[in-house]
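Residue strings, one per chain:
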Amino acid sequence: MSKNKSSESVKVVVRCRPLNRKEESNGPSGEIVQMDLRLGQVILRNPRASHSEPQKTFTFDAVYDGNSKQRDLYDESVRPLIDSVLAGFNGTIFAYGQTGTGKTYTMQGMWLDTEKRGVIPNAFDHIFTHISRSQSDKQYLVRASYLEIYREEIRDLLDPSHASARGLELRESPETGVYVPDLTSCVCKSIKEIEEVMNVGNQARAVAATHMNEYSSRSHALFLITVECGQPGPDGRKHIRVGRLNLVDLAGSERQAKTGVQGERLKEAAKINLSLSALGNVISALADGRSGHVPYRDSKLTRLLQDSLGGNAKTVMVATLGPAPQHYDETLTTLRYANRAKNIQNQPRVNEDPKDALLREFQREIARLRAQLNHRKWRNKQKKERSDDQASDPDGDEDGECEEEEQVEKDAEDYVKREEQRLEREKEAIRGDRSLLADEKQRLLGEKERMMGDLRKEQEATEQLTAKYKAMESKLLVGGKNIIDHTNEQQKMLEVKRQEIAEQSRNEREMQQQMMVQDDETLELRETFTSLQQEVEAKTKKLKKLYAKLQCIKAEIQDVNDEHVRSRQELEQTQNELTRELKFKYLIIENFIPPEEKNKIMSRMTFDPEEDQWKFQPLVPAESKPLQMKKRPTSAVGYKRPISQYARVAITMGANNRFRAENIMFLELDMNPPNTASLGRFKDAELNQSSSVDNSPTNDGGVHKSRSWYQSQKSLTSSSSNVSLSACTTATPASAQ
Ligand code: ADP
Ligand code: MG
């Protein structure tokens, strides 16, 4: 695996929850998971194996046992990641594990109990506290979105219509990677607001969970926070760094039983686990490092996490375990999964000045509104100076922006008030002026009224503009200004100390792990033997150790083989079911759909990999539509539809019987049914008919008016179809030429 300078591996931490009451009452077999917090090791005991069988040991970046505190996990393993996000990196934390092992507890925890708040609420605190304590030349914009993936459909949890709406689509851009274009994103100004966003989403999930069985354990929830930070750089220009944080609570990793599933339900079952199995494949492919192809595109989840796994992001995976013996297999699978993920290398980099930064748009809009307001202020001032004889204050340098704004408002209000008074006075003067005519008075008063109306409108517009400006500006958080930090110095010190301790214990563990590896290597070098006996003893001990290691690895190989066999069997079973389903569909197609229809359909079908669906191609390519698509000829009201050129030619050629019947249909009711007497007049009718048709508009425009029997006395019965046909054939050559 190529390790370039900026690459770093995915951090993997393991957390085991305490035994719950039910498990405790189940029996004395006890816990199967032991943890060495100092070394970051998990030791797993197989409850079914004999005591002589070696236990399985896995080493991780950190491990947390049942007594661990939420705060410890956050400070040691999550805080550095959130700091990176605040510095403009992408970050992802995902919780992986069997249902009921504490994924949601770790990610969300108990909101009301400060001790038991999980990663997400702690991250909210962290982000907004950081903003409140940062320098005032920094501007921040924080946005949040919340989505979930259920049965391979992405749903927006902040959109109230999400339950009924179709799943959202994914798009990819070279700038931002994979994203969901229509996802709701809420600008949040405080912890309270972002918590509100989280609550709205959680409620949407809870509603869905009551409608569907095992919903919460089978859906993946992604909470996305984007922190944009603008700060003037050394070059004097404002630079924007954008950090994106994904907080992911995955679906339960347990194997879902697929037995007895058929048809639609089979498809559903396949979809439920698709994202997780695809995640497993992606992790394997990345950890392996040899296979060039990483199957990100296999599922929505892996596409969304594409950057987090092997891309531009820093990633922490929290694998959660249960200590109960009955879940040994799942626990082992989770540990293997986690162990593999350790080998994934990411290439995180700071996202500086991306094109799509919303902060820049906000800044531009604010600047525009500000310019408009300033312009108004300037105009008002000018007017004020003109209207008022007394000289205004010299335009002193107003230092703060705030003062300036207040001044703008005050000036505007002053001006409007005075102007109103002036207009009122003038109106009074006009009313009192006897020298003016009544008409003239009315006109002048009307004019003054209009001026006052304009003045009020102007004032309203200014007020609206100011309100908009203030609303926009309030969304931007200025370092140390918008959010008041209530923590006192002592608490701050305490926080710093706690972070230092967390940092220290992290370093200590890393060193311990390094030492352990080195110990094994250097043991041999350091050993000096005083006697042969001693050497034999030492070597035997070492042999034993190596033998145990060998046994471990052998057992591991056996386990992995077993697992492969098991998953192969499952896949084969799924394949058999799908084949059976396919045969059924084929049977229907082959026997009940005409081959030409089938061919037509087949030639029009194309596969859309974006949506993972077969789609019908349009009959006419979209770009040539207006040119190629001929409109069906329309008829004048009361006339039959004209005969097409093609039909006319076909009639003349006499080749195709289909067209011989053109233009002989009488569309209205036959009021006078044929009888044998009428047959005698056949000959006359033929002559009449042909002459009448000949005179019909067919000759010029190919249009026939439909006639009914009762309209024309000469008209004949239905046996005249021959007649009309002959009439047509005689009539059309002229028009066809
Ligand atoms: P998951 O989301 O993985 O299905 P939950 O987070 O819902 O599991 O946890 C299941 C139960 O276990 C909850 O009642 C939770 O309070 C409890 N629990 C999980 N982890 C811990 C822990 N570390 N300490 C105490 N209780 C825990
Ligand atoms: Mg859960």
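Preceding block: the structure.
Quick summary incoming for the structure in this document. Keep in mind that what you see is a predicted model, and the values were worked out from it rather than measured. (Residues numbered from 1 in each chain as written. Chains lettered and ligands numbered in written order. Predicted model: local features only at pLDDT ≥ 70, side-chain atom pairs only at ≥ 80, totals over all residues. Heavy atoms only, no water.)

1. A closer look at the nonpolar core
Logical step 1: If you look at the biggest cluster of nonpolar residues, it comprises 49 residues, and the most contacted ones within it are V14, V42, F60, L147, L279 and M317.
Logical step 2: Discounting residues that sit within four places of it in the chain, L147 has contacts with I154, R155, L157, V180, L183, H220, A221, L222, L224 and L304.
Logical step 3: In terms of nonpolar packing, the next biggest core, distinct from the first, is built from 41 residues, A62, L86, F124 and C188 among them. (Core = buried A, V, L, I, M, F, W, Y, C linked by side-chain atoms within 4.5 Å. Buried < 20%, exposed > 50% of the residue type's maximum accessible area, 1.4 Å probe, protein only. Contact = heavy atoms within 4.5 Å.)

2. Some thoughts on the site of ligand 1
Logical step 1: In the region of ligand 1, the neighbouring residues are R15, R17, P18, Q98, T99, G100, T101, G102, K103, T104, Y105 and M110.
Logical step 2: With respect to ligand 1, the backbone of G100 contributes an N or O atom lying 2.7 Å from an oxygen atom.
Logical step 3: Between ligand 1 and T101 there is a distance of 3.4 Å, counted from an oxygen atom to a backbone nitrogen or oxygen.
Logical step 4: Burial of ligand 1 by the protein amounts to 68% of the accessible area it has alone, namely 550 Å².
Logical step 5: When the residues that make up the shell around ligand 1 are grouped by side-chain class, the tally is three nonpolar, six polar and three charged. (Near = heavy atom within 4 Å. Polar contact = N/O pair within 3.5 Å; in protein donor to acceptor, adjacent residues only side chain to side chain. Areas by Shrake-Rupley, 256 points an atom, 1.4 Å probe, with all protein chains shown as cover. Nonpolar A, V, L, I, M, F, W, Y, C, P; charged D, E, K, R; others polar.)

3. Let's talk about empty space enclosed by the protein
Logical step 1: This structure, assessed with the given rule, holds five cavities of 30 Å³ or more.
Logical step 2: In this model, the largest cavity occupies a volume close to 50 Å³.
Logical step 3: Around the largest cavity sit M107, Q108, I120, Y146, M198, A221, F223, L247, V248 and D249, which together line it.
Logical step 4: When residues of the lining of the largest cavity are traced back to their parent elements, those giving at least two are β13 (220–232) and β14 (238–249).
Logical step 5: Partitioning the lining of the largest cavity into residue classes produces eight nonpolar, one polar and one charged. (1 Å grid on protein atoms, 1.4 Å probe; cavity = no way out; pocket = protein on both sides within 12 Å on 5 of 7 lines; lining within 4 Å. Points joined across faces, edges and corners; volume = space filled by probe spheres on them. Helix = DSSP H or I, 4+ residues; strand = E, 2+ residues; numbered from the N terminus.)

4. Regarding the environment of S185
Logical step 1: Within the element layout of this structure, S185 appears in the loop between β11 (177–179) and β12 (186–188).
Logical step 2: For S185, a relative accessible area of 34% corresponds to the partly exposed category.
Logical step 3: With 40 residues separating them along the chain, S185 and I225 place their C-alpha atoms 9.0 Å apart.

5. Topic: unusual backbone geometry
Logical step 1: The phi angle at E152 is positive, at roughly 60°, despite the residue not being glycine.
Logical step 2: With respect to the element layout, E152 can be found in the loop between β8 (139–150) and β9 (153–156).

6. Let's talk about the sheet that holds strand β4 (residues 41–44)
Strands pair in a sheet through their backbones, by hydrogen bonds, and they do so in one of two ways: parallel or antiparallel.
Logical step 1: Reading across from one edge, β3-β4-β5 is the order of the three strands in this open sheet, with antiparallel pairing throughout. Whereas interior strands pair on both sides, the edge strands pair on one side only; in this sheet they are β3 (33–36) and β5 (56–59). Neighbour to neighbour, the strand axes of the sheet diverge by 20° on average, direction disregarded.
Logical step 2: Pairing of β3 with β4, which is carried by four bridges, proceeds in the antiparallel orientation. Note that in β4 the partner of V33 across the bridge is L44. (Pairing = 2+ DSSP bridges. Axes fitted to C-alpha atoms, helices over the stretch in contact; angles between N-to-C directions.)

7. As for the pairing of strand β19 (residues 613–616)
Logical step 1: Of the strand pairs in this sheet, strand β18 (residues 605–608) and β19 are connected by four bridges, and their pairing is antiparallel. Note that in β19 the partner of F607 across the bridge is W614.
Logical step 2: Taking the residues that link successive antiparallel strands as the turn, the β18-β19 hairpin has four residues, and the phi of D612 there is positive, at about 60°.

8. A closer look at the side chain of E76
Logical step 1: The residue E76 is located in helix α2 (residues 70–86) in this model.
Logical step 2: For E76, a relative accessible area of 13% puts it in the buried group.
Logical step 3: In this structure the side chain of E76 is engaged in a polar contact, spanning 3.2 Å, whose partner is the side chain of S505.
Logical step 4: Contact partners of E76, with chain neighbours within four places excluded, come to Y64, A502, S505, R506 and R509.

9. Details of the packing of helix α9 (residues 328–341) against helix α14 (residues 532–592)
Logical step 1: Interaxial distance between α9 and α14 falls to 12 Å at its minimum, and their mutual angle equals 105°. Our classification of the angle between α9 and α14 gives roughly perpendicular. Mapping the contact onto sequence places L332, T333 and R336 in α9 and E556, D559, V560 and E563 in α14.
Logical step 2: Taken together, the residues of the contact of α9 with α14 break down into two nonpolar, one polar and four charged. (Parallel < 35°, antiparallel > 145°, perpendicular 65-115°, else oblique.)

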